[in-house]
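# Tertiary structure, described
Residues per chain, in single letters:
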Amino acid sequence: MTDPDTPQTRGDAAAATPAGKTDTVRSGLDQRRILGAAVRFIDENGLRALTMQRLGAYLGVEGMALYRYVPGREALLDGVVETVVDELFGDPDVHLEAHAGWVDYLQRLAHGLRRIALAHPEVFPLVATRPPAAPWVRPPLRSLRWIESLLEVMTEAGFSDENAAAVYRAFSSFLLGHLLLEVAGHGVETGPVEEPDVSPIEDLRNYPILQRLEPHLSIDVAAQDFEEALEALLDRVALLLPRPRRPRRLTEDK
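Residues numbered from 1 in each chain as written. Predicted model: local features only at pLDDT ≥ 70, side-chain atom pairs only at ≥ 80, totals over all residues. Heavy atoms only, no water.

Under an unreviewed UniProt entry, the name given to the chain is Transcriptional regulator, TetR family protein, and the organism recorded is Actinoplanes couchii.

Rendered as structure tokens:
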């Protein structure tokens, strides 16, 4: 079976930001070009190899020339994460609105994030470990615009604010665990490379649903989420049994 999410199947059409080498001397530096090159450098050499000096050499300039556009390595890593997550906006199969219902929306979004992980397996652990814009933001869906979109889709579909927040947490946990395991299977180091600086919390004034749901998103329900996810997994496993041997609660009214 062909995997529809691999770069080999998709080609490069879904990438929002070209990340290849450029003729920097002729075309000039800018932040977008630097961040795109950093993504490509990590793809090719791994995260641990990335330094400002090496990235400068990769672009054909002195490392110090990059500081005019990127203050330092920490800002560079934050920009790399943002650049990679923003590829969702260039994926024609992922939509900010639920044109065919919330299930189709979440399926498309999940596959879009998986395509990012498979296209940039060396970068994805960075997406998972960099400090988020707010304590309740969960990777890999780190973009406030995409979180706002997800919460809007769920609340418009009839989910309460509390349940919409629960959906976001469960959806993020599923994707993070699955995709980290998947890239680890490709031999990628998934632990953090260093202790990162704590990023400031972003202004939420442009995200009204996020503002309204922030109290629900901030609640620590990790234990409850774990138990519910485990129960759902065990229910799914139990459905593999012949019907007479399934737990009673899985056979009633079915």
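## Thoughts on the overall build of the chain
A count of helical and extended segments in the chain gives 11 helices and zero strands. Counting from the amino terminus, the chain carries its helices and strands in the arrangement α-α-α-α-α-α-α-α-α-α-α. The 254 residues of the chain split such that 41% are buried. Within the structure as shown, the chain displays about 14,300 Å² of accessible surface, and the carbon and sulfur contribution to it stands at 53%. (Helix = DSSP H or I, 4+ residues; strand = E, 2+ residues; numbered from the N terminus. Buried < 20%, exposed > 50% of the residue type's maximum accessible area, 1.4 Å probe, protein only. Areas by Shrake-Rupley, 256 points an atom, 1.4 Å probe, with all protein chains shown as cover.)

## Quick look at the environment of glutamate 122
Its location among the elements puts glutamate 122 in the loop between α6 (102–119) and α7 (124–129). For glutamate 122, a relative accessible area of 27% gives the class partly exposed. Between the alpha carbons of glutamate 122 and glutamate 189 there is a distance of 7.7 Å; along the sequence they are 67 residues apart. Filtering out sequence-adjacent residues up to four positions away, glutamate 122 remains in contact with Ile42, Asp43, Gly46, Leu47 and Val188. (Contact = heavy atoms within 4.5 Å.)

## A look at the UniProt feature "DNA-binding region" (unreviewed entry) in the chain
Taking the numbering used here, the UniProt-annotated feature "DNA-binding region" (unreviewed entry) corresponds to residues 51–70. Note that residues 51–70 is 40% helix and 0% strand, and that its end C-alpha atoms are spaced 12 Å apart. (UniProt positions renumbered as here; feature names shortened; annotations may be inferred.)

## Some points on the packing of helix α9 (residues 161–184) against helix α10 (residues 208–218)
Think of two packed helices as two axes; the pair is described by the angle between the axes and how far apart they sit. Viewed as axis vectors pointing N to C, α9 and α10 meet at an angle of 65 degrees, and their least axial separation amounts to 9 Å. Pair α9 / α10 crosses with right-handed handedness. Note on element contacts: α10 touches α9 through Arg212, Leu213, His216 and Leu217, opposite Asp161, Glu162, Ala164, Ala165, Tyr168 and Arg169. Along the lines of polarity and charge, the residues of the contact of α9 with α10 split into five nonpolar, one polar and four charged. (Axes fitted to C-alpha atoms, helices over the stretch in contact; angles between N-to-C directions. Left-handed = near helix turned anticlockwise from the far one by under 90°. Nonpolar A, V, L, I, M, F, W, Y, C, P; charged D, E, K, R; others polar.)

## Side note on the side chain of arginine 115
Tracing the backbone shows arginine 115 in helix α6. Given the relative accessible area of 10%, arginine 115 is considered buried. At a separation of 2.9 Å, a polar atom in the side chain of arginine 115 contacts the side chain of aspartate 5. In contact with arginine 115, not counting residues within four places along its chain, are Asp5, Arg10, Asp91, Asp93, Val94 and Arg108. (Polar contact = N/O pair within 3.5 Å; in protein donor to acceptor, adjacent residues only side chain to side chain.)

## Things to note about the pattern of salt bridges
For the structure shown, the criterion picks out 11 salt bridges. With its nearest N and O atoms 2.9 Å apart, the salt bridge here joins arginine 114 to aspartate 5. With a gap of 109 residues between them, arginine 114 in helix α6 and aspartate 5 in the segment before α1 (7–10) connect regions that are remote in the sequence. (Salt bridge = Lys/Arg side-chain N within 4 Å of Asp/Glu carboxyl O.)

## Re the packing of helix α3 (residues 31–45) against helix α4 (residues 52–59)
Where α3 contacts α4, the axes come no closer than 10 Å and their chain directions differ by 105 degrees. In terms of axis orientation, α3 runs roughly perpendicular to α4. Contact residues: Ile34, Ala37, Ala38, Arg40, Phe41 and Glu44 in α3; Arg54, Leu55, Tyr58 and Leu59 in α4. Its residues assigned to classes, the contact of α3 with α4 comprises seven nonpolar, no polar and three charged. (Parallel < 35°, antiparallel > 145°, perpendicular 65-115°, else oblique.)

## A word on the side chain of serine 172
Along the chain, the position of serine 172 falls in helix α9. Serine 172 sits in the buried class, given a relative accessible area of 1%. Setting aside its immediate chain neighbours within four residues, serine 172 contacts Arg138, Pro139 and Pro140.

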